[in-house]
Amino acid sequence: MTRFGQGCPSIPGGVVAEDDEATVNRGDPADEPFPLLIAVTPSPAERIRLAELLDGIAPLLLVADLDELRRLIAAPQPVAAAPEPAPVAALVIDSARSTARCGDREIDLTRLEHDLLTCLITEPARVWSYADLHRSVWGDAGRERKADVQSLVKRLRRKLHDLGTGATIDVVRGVGLRLTDHQQARVERA
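On a predicted model such as this, the values are computed, not experimentally measured, just so you know.

Examining unusual backbone geometry
Part 1 of the argument: Although it is not a glycine, Ser 98 sits at a positive phi angle of roughly 55 degrees.
Part 2 of the argument: Tracing the chain through its elements places Ser 98 in the loop between strand E5 (91-94) and strand E6 (99-102).
Part 3 of the argument: Judged by relative accessible area, Ser 98 falls into the buried class, the value being 19%.

Brief notes about the pairing of strand E8 (residues 168-172)
For a regular strand, side-chain orientation follows a simple rule: the groups alternate between the two sheet faces.
Part 1 of the argument: Inspection of the sheet shows E8 paired to strand E9 (residues 176-180) by 5 bridges, in the antiparallel sense. Across the sheet, Thr 168 pairs through a bridge with Thr 180, a residue of E9.
Part 2 of the argument: Following E8, the chain reverses through 3 residues before pairing antiparallel with E9; Gly 174 in that reversal takes a positive phi of roughly 80 degrees.

Quick notes on the environment of Leu 177
Part 1 of the argument: As for its placement among the helices and strands, Leu 177 is situated in strand E9.
Part 2 of the argument: Classification of Leu 177 by relative accessible area gives buried; the value is 2%.
Part 3 of the argument: Distance in space between the C-alpha atoms of Leu 177 and Ser 129 is 6.4 Å, their sequence separation being 48 residues.
Part 4 of the argument: Sequence-distant contacts of Leu 177, defined by excluding residues within four places in its chain, comprise Leu 120, Arg 126, Val 127, Trp 128, Tyr 130, Leu 133, Val 149, Val 153, Ile 169, Asp 170 and Val 171.

What counts and what doesn't
- Residues numbered from 1 in each chain as written.
- Predicted model: local features only at pLDDT ≥ 70, side-chain atom pairs only at ≥ 80, totals over all residues.
- Heavy atoms only, no water.
- Helix = DSSP H or I, 4+ residues; strand = E, 2+ residues; numbered from the N terminus.
- Buried < 20%, exposed > 50% of the residue type's maximum accessible area, 1.4 Å probe, protein only.
- Pairing = 2+ DSSP bridges.
- Contact = heavy atoms within 4.5 Å.

Below is the structure:
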């Protein structure tokens, strides 16, 4: 049985809950009630004073107002399970037809777009320098123009976006380019 009374005369207006001996010492310790002192005061200085005064007496909950107390002791609301994201379709490059496919969407690729995307997919962990991409896609080691690669990447990014794939081409500053979100990307050769 719980009763309330003026348990601490040194606490102005202090109300303390006390439990009878009969309710303690029975059953599972987790199910047993325990004394809990709750102090409500808007003053931070008063909360500190109460914590020092009641240190070691019982567990102490100090709150600024009744709204805060209600939030703390309210029963937790069930959290609605987040809907599982729809599985992302794989990005597939069809070399025979020079197309890229994601789910039921398909786009045509130019030879240069196909070759660039194939480079990025076949070595997904690699960050490709502009020079390496230029040599691999254009095949001319002498020119290696960064602007050529940037222009091609811009068109390819737009096509990947229109395709609805999560894959995109990111710039690694000072290093080069890489394909991101490529976990399921693959190249099919006929």
